[in-house]
Amino acid sequence: MNTKNLRRLTATATLLCITALAAVRVHGAGIDAANRLAGERVAVGTCANCHGWQGHSIQPKFPVLAGQQANYLLAQLHAFKSQTRGDPDALGYMWGMAAPLDESMMAALADYYSRQTPWAGERGDPRLIAHGEQIYQQGDAAQGIPPCAACHGPKAAGTSMYPSLAGQHVQYLIKQLRSFQNNLRDVAIMHGVAQGLKLPDMLAVSAYLQSLGP
Amino acid sequence: MREVRWLRTTALFSSLLLTVTLAPTAYAVPSFARQTGLACEACHTVFPELNHFGRLFKANGYTLDNLKQVRDIDTRKQQLLSLSTLPPLAAMIQVSETWLNQSLPQGTGLPARSQSSTVGFPQQLSLFYAGKVAPHVGAMIQLTYENDSAAIGIDNTDLRYANLLLLPNDHGLVYGLSVNNNPTVQDLWNTTPAWGYPYAASNAGVSSLAATQIDGTLAQQVAGLSAYALWNESLYAEMGVYHSAQQGVTNPITGAAGPLDGTASNVIEGAAPYARLAYEYQWGRHDLEVGAYGAQFKLFPGGGTTAAPATLTLPTNQFDDIAEDLQYQFLGEDHIVTLAATHIHETMHLDASFASGASANPSNQLNTTRITGTYYFRRKYGATLSHFATTGSADPGLYPAGSAPGVITSADGSPDTSGWIAEVNYLPWLNTKLSLQYTHYDQFNGGTLNYDGLGRDAAANDTTYLLLWLTF
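Bear in mind the structure is a predicted one, so any value in this text is a computation, not a measurement.

1. Points about the nonpolar core
- Counting 64 residues, the largest nonpolar core has A:L73, A:L74, A:L77, A:L109, A:A110, B:C43 and B:A130 as the members making the most contacts within it.
- If we skip the residues at most four places from it in the chain, A:L73 touches A:L65, A:Q68, A:L109, A:A110, A:Y113 and A:S114.
- Listed in part, the 30 residues of the second largest apolar core include B:A211, B:L350, B:F354 and B:I408.

Quick look at the structure:
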């Protein structure tokens, strides 16, 4: 793939991301004190059982939620509730968990986790991380992989449109990339991006992302 | 006198043996999955072993409910009712075949022998109500038909109230109450007796004579009330009391369900205290628990008959049970490893039995150790190796030599029994399990060779057990 095609893919990716997420914006200021307390109670009493204290998940099977973008969290909760996100752990866990959540609770949970402070990243193999950084920041034109930073930001902190990836568990990230590849998680843009990623590259990018702090 | 002593001993230990033999094994309950919308793997490594989330679900009183609710509120918006539109019902069936290494002598002592294999169809069939009852109240109620009794009876039952106290800095304290019918059935870890390994076992083998009281001996014959708290998903403390609540026992005068008198066996004097302390630590895919639990039971031997009347008056036999447990779980995507161990130490002060001549010693010790390692690949293929050992004071009164046909007797009065269980499992689906289990005894009722003095060796009681276990 030449540079022109790569640029086109990046532009298309950006457009699709905007289209997908534009409809779901969360304004934390719009959540009243009662809803905020109700959200905190559910987060501490239920979500924390897997996602850890204040969203700092310990088990790599479950994603870190601390500091995640509220829009992304809300979009995922909707996807779980409507059973449109189809990766294995979504079916096994989150379809059930999201089923009884109403709009105000979903907004309160998204707000709660977006307000939590992310932890410092977890260091790993420096060579692997350097390779991952290269792919993340600059992509791999030969493989048709655009730079991830184009959407997720140079520090992988995400934006109101795209999820934060910084500090996320390697195991979780790899499972998501594979789910995008085989369309278990049906997101067109990520399907295209992840298609050319081989396992060693996934490991490298994931190790880099896990190493990033706030 | 000797005959009375024999009768009392027989009454005491036949009832113990019966309860040990009939002690239920542990199950997983699909109605929880129906209620929560979560697959089995959310709460279990492989059923019935719980993972961290499963322990939290239980501590929270089985109340997490993602079904549509029938609701009612008052004018102050207080909830009056929150009832699932579908009842949390489930069923379980175990179909098994057991091959005993050496068949049994005919009960009359004639040289004829039994068959060596037994088909259990069903070995057990259970119906569960397991799930939320009200916003903070849940229940796990099990009714079981068993082929040995050919009767339906109450099995493990745990009624709970649980709530969450939100602490500063987003920490949580789960607190609650449990009313249950089997000490440790309310526990959260698979190290304690009620939910410990083996999760399923043959009921067509030969049971050894000795078991500590907390080790299933009183299952379904007691009612317990305990209060517990779980701080920050890690530190667990519980205290409670148990009182006799015997099933199938009536007052001989009125024929009513009570009050119990001297014809009943092993009746608890007053309330028996129970305590549990455990700490769980998680890091990465690892989960480690260390804990201790114990109880003190003062039992009236009872078991009186017209020939040998008994009363529920002092003295009692006092059993002090103190146990430690340890559990390690590794939960990978493909690989799951569990190591579980418990050691139960029991001190018996047999004031009643020694006075009546039912025991040879005024006090005894009894120790049980179990160490189990399990591996599963993709929750589909599993293997378990477990070592068990019970050792204690020799007491020809408690563990009598008896006469022909032997088998469930001890030539030297020793309770020592030890051996190994090896098991392989295949789960084509998460709620269906096919198991092949082999149990080998190094020692049985105190001996390796000729343990009953009538020529039977410990290894004669080895069993091969094939099980089809469906929960749905």
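2. Points about the interface of chain B and chain A
- Contacts between the two partners involve 21 residues from chain B, matched on the other side by 22 residues from chain A.
- Looking at the side of chain B that touches chain A, the elements with two or more residues in it are α3 (40-43), α4 (52-59), β6 (151-167) and β11 (272-283) of chain B.
- Looking at the side of chain B that touches chain A, its residues break down into ten nonpolar, six polar and five charged.

3. Focus: the packing of helix α6 (residues 126-138) of chain A against helix α10 (residues 199-211) of chain A
All names here are of chain A.
- Between α6 and α10, the least distance of the axes is 7 Å, while the angle of their chain directions is 95°. Relative to α10, the element α6 lies roughly perpendicular. Counting all contacts with α6, which are made through L128, I129, H131, G132, E133, I135 and Y136, the residues of α10 involved are D201, L203, A204, V205, S206, A207, Y208 and S211.
- Across the contact of α6 with α10, the residue classes tally to nine nonpolar, four polar and two charged.

4. Digging into the pairing of strand β16 (residues 381-392) of chain B
All names here are of chain B.
- Burial along β16 is one-sided: the face carrying G382, T384, S386, F388, T390 and G392 is buried and the face carrying Y381, A383, L385, H387, A389 and T391 is not.
- Pairing of strand β15 (residues 363-377) with β16 involves twelve bridges; the strand directions are antiparallel. Opposite Y376, over in β16, you have G382 as the bridge partner.
- Hairpin connection between β15 and β16: a loop of three residues separates the two successive antiparallel strands, and R378 in this loop has a positive phi of roughly 50°.
- Alignment of β16 against strand β17 (residues 417-429), held across ten bridges, turns out to be antiparallel. Note on β17: the bridge partner recorded for A389 is S418.

5. Things to note about unusual backbone geometry
Residues and elements named next belong to chain B.
- Each neighbour pair has its own omega, and for F121 with P122 the value is -5°, a cis peptide bond.
- Geometrically, the link from L314 to P315 is a cis peptide bond, its omega value of 5° lying close to zero.
- Tracing the backbone through its elements, the reader meets P315 in the loop between β12 (286-302) and β13 (317-331).
- For D170, which is not a glycine, the phi torsion comes out positive at approximately 60°.

6. What to know about the domain arrangement of chain A
Residues and elements named next belong to chain A.
- Taken domain by domain, chain A consists of domain 1 (3-20 + 121-211) and domain 2 (25-115).
- Listed per partner, the contact involves 15 residues of domain 1 and 15 residues of domain 2.
- Of the residues belonging to the side of domain 1 that touches domain 2, the class tally is five nonpolar, eight polar and two charged.

7. Things to note about the pairing of strand β7 (residues 171-180) of chain B
All names here are of chain B.
- Side chains G172, V174, G176, S178 and N180 of β7 all project onto a buried face; the interleaved residues H171, L173, Y175, L177 and V179 project onto a face where none is buried.
- The pairing of β6 with β7 spans ten bridges and is antiparallel. By the bridge assignment for β7, R160 is matched with S178.
- Counting the residues in the hairpin turn of β6 and β7 gives three residues, including N169, whose phi is positive at 60°.
- Here eight bridges tie β7 to strand β8 (residues 222-231), and the two strands are oriented antiparallel to one another. Counterpart to N180 in the pairing with β8 is G224.

8. A few points about helix α8 (residues 170-181) of chain A
- Compared with the 16 Å implied by 1.5 Å per residue over twelve residues, the 16 Å span of α8(A) between its first and last C-alpha is a close match.
- Of the residues one or two after α8(A), A:N183 is the one with positive phi, at around 65°.

9. Regarding the environment of B:F121
Residue and element names in this part refer to chain B.
- If you trace the backbone, F121 turns up in strand β4 (residues 117-134).
- Since 12 C-beta atoms lie within 10 Å of it, F121 is described here as exposed.
- Once the C-alpha coordinates of F121 and F354 are considered, the two residues, 233 residues apart in sequence, prove to be 43 Å apart.

10. Re α6(A)
Residues and elements named next belong to chain A.
- In this model α6 runs 18 Å from its N-terminal to its C-terminal C-alpha over 13 residues, within 8% of the 18 Å that 1.5 Å per residue would give.
- Taken residue by residue, α6 has I129, G132, I135 and Y136 as its buried positions. Along the long axis of α6, the arc covered by the buried residues comes to 125°, so they all point the same way. Across from the buried face of α6, at angles greater than 90 degrees, the exposed residues are P126, R127 and A130.
- Phi turns positive one or two residues past the end of α6, at G139, with a value near 75°.

Thresholds applied
- Residues numbered from 1 in each chain as written.
- Chains lettered and ligands numbered in written order.
- Predicted model: local features only at pLDDT ≥ 70, side-chain atom pairs only at ≥ 80, totals over all residues.
- Core = buried A, V, L, I, M, F, W, Y, C linked by C-beta atoms within 7 Å.
- Buried ≥ 20, exposed ≤ 12 C-beta atoms within 10 Å, placed from the backbone.
- Contact = placed C-beta atoms within 7 Å.
- Helix = DSSP H or I, 4+ residues; strand = E, 2+ residues; numbered from the N terminus.
- Nonpolar A, V, L, I, M, F, W, Y, C, P; charged D, E, K, R; others polar.
- Axes fitted to C-alpha atoms, helices over the stretch in contact; angles between N-to-C directions.
- Parallel < 35°, antiparallel > 145°, perpendicular 65-115°, else oblique.
- Pairing = 2+ DSSP bridges.
- Domains from an automatic or database assignment.
- Expected span 1.5 Å × (residues − 1).
- Arc of directions from axis to C-beta.

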